[in-house]
Amino acid sequence: DFASKRLSASPRALFPMSPNHPLSVVRRETHDQLRLLRERYDETTCLVLFNRSERMLIDFVQGKESLSHFYDTWMDTPLHCSMTGHLLLLEMPALDRRRLLGPAPYEAHTPKTMTSTEDLERELELTRERGYAVARDTAFMGLAGVGAPIRGRGNIVGCLVMVGSSESIDAA
């Protein structure tokens, strides 16, 4: 409306991807599962896909606590201290992991952040054995979560994540 000088974004600007784009289809097909998990556990649930060494938040359903300030479309929490980072690194050859992470010691974001290559490798092995990643106060104090890998054609292509406060997600 030029007379009142109020403008609004076009549908194309708000939703730049076609409804038939593969990411739109994945989001539509998984949203109900995210919602069901959120209803069962009352925590924020997220779908994250990997694009090479990047982590892309495709969809999330807000839990009882607002965590929106922790998320953007492209996740930028350091790989060495986040469950999504651990799942991205999990099946990567050790040389590629070292190249991506750079030299240790890694930056400590909290007192619980793993800063040595040895500690990170042990955590990745534990993640491999149990089949899911856990992070508790490693990237942000007071934030905990669990992430399960999503496989496609034999490789990890993303993860399903449940996140909440460290107090609300039982360590067990």
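Refer to the structure above for everything that follows.
Note that the coordinates shown come from a computational prediction; the quantities given were computed from them, not determined experimentally.

Rules of the game
- Sequence order sets the numbering: in each chain, residues are counted from 1 along the sequence as written.
- Thresholds applied to this predicted model are a pLDDT of at least 70 for local features of residues and 80 or more for the giving and counting of side-chain atom pairs; totals over whole chains, interfaces and linings are not thresholded and use all residues.
- Where side-chain values are given, they derive from all heavy atoms of the structure, hydrogens and water being excluded.
- Numbering of helices and strands runs from the N terminus, with a helix taken as a DSSP run of H or I at least four residues long and a strand as a DSSP run of E at least two residues long.
- When a residue's accessible area, from a 1.4 Å probe over protein chains only, is under 20% of the maximum for its type it is buried; when over 50% it is exposed; and in between it is partly exposed.
- Each accessible area value is a Shrake-Rupley result obtained with a 1.4 Å probe; residue values ignore everything except the protein chains displayed when judging cover.
- Ring geometry is summarised as follows: Phe, Tyr and Trp rings, the Trp one being its six-membered ring, pair when their centres sit within 6.5 Å, and such pairs are stacked at plane angles under 30 degrees, edge-to-face over 60 and tilted between the two.
- Think of it as a cone above the ring: NZ of Lys or CZ of Arg counts as a charge over the ring if it is within 6 Å of the ring centre and within 35 degrees of the ring normal.
- Should DSSP find at least two bridges between two strands, the strands are regarded as paired.
- Any two residues whose heavy atoms approach within 4.5 Å at even a single point are treated as in contact.
- Lines fitted to C-alpha atoms define the axes here, with helix axes fitted over just the stretch in contact, and angles between the N-to-C directions of these axes take values from 0 to 180 degrees.
- The span expected for a helix works out to 1.5 Å for each residue beyond the first.
- The seven residues ending at a residue and the seven starting there each receive a fitted axis; the angle between those axes is the bend at that residue.
- Put simply, buried Ala, Val, Leu, Ile, Met, Phe, Trp, Tyr and Cys residues joined by side-chain atoms within 4.5 Å make one nonpolar core.

A. Up close: the overall build of the protein chain. Within the protein chain one finds 5 helices and 6 strands. Listed N to C, the secondary structure of the protein chain is α-α-β-β-β-α-α-α-β-β-β in terms of helices and strands. Counting every position in the protein chain, which comprises 172 residues, the buried fraction comes to 38%. Put simply, the protein chain shows about 10,600 Å² of open surface, and 55% of that area lies on carbon and sulfur atoms.

B. Quick look at the packing of aromatic side chains. Scanning all chains against the criterion turns up 0 aromatic pairs. When the ring centre of Y132 is taken as origin, the NZ or CZ atom of R130, which lies over that ring, is 5.2 Å away.

C. The arrangement of the sheet that holds strand β6 (residues 155-165) in detail. Strand order in the open sheet formed by 6 strands is β3-β2-β1-β6-β5-β4, and the pairing between neighbours is antiparallel. This sheet does not close on itself; its edge strands, each paired only once, are β3 (74-75) and β4 (133-136). Here strand β5 (residues 143-152) runs beside β6; their pairing, made up of 10 bridges, is antiparallel. Its bridge partner being in β6, P149 is matched across the sheet by C159. On top of the sheet, helix α2 (residues 22-41) reaches β1 (44-51), β2 (54-61) and β6; it is set at about 60° to β2, its chief contact.

D. Fine view of α2. Taking 1.5 Å as the rise per residue, α2 with 20 residues should run 28 Å; its terminal C-alpha atoms sit 28 Å apart, in good agreement. At T30, α2 is deflected by roughly 40°, the largest bend along its length. Taken together, the buried positions of α2 are occupied by L23, S24 and L34. Tucked into the core, α2 has its buried residues touching β1, β2 and β6. A positive backbone phi angle near 65° is found at D42, which sits one or two residues after α2.

E. Summary view of the nonpolar core. Grouped together as the largest cluster of nonpolar side chains are 23 residues, with contacts concentrated most on V48, F50, L89 and V161. For this core, the secondary-structure elements that each account for two or more residues are β1, α3 (83-89), α5 (117-130), β4 and β6. Discounting residues that sit within four places of it in the chain, V48 has contacts with R55, M56, L57, M75, T84, G158, C159 and V161. By size, the runner-up hydrophobic cluster in this structure holds 7 residues, among which are L23, L34, M56 and I58.

Read these as geometric descriptors, not functional statements.
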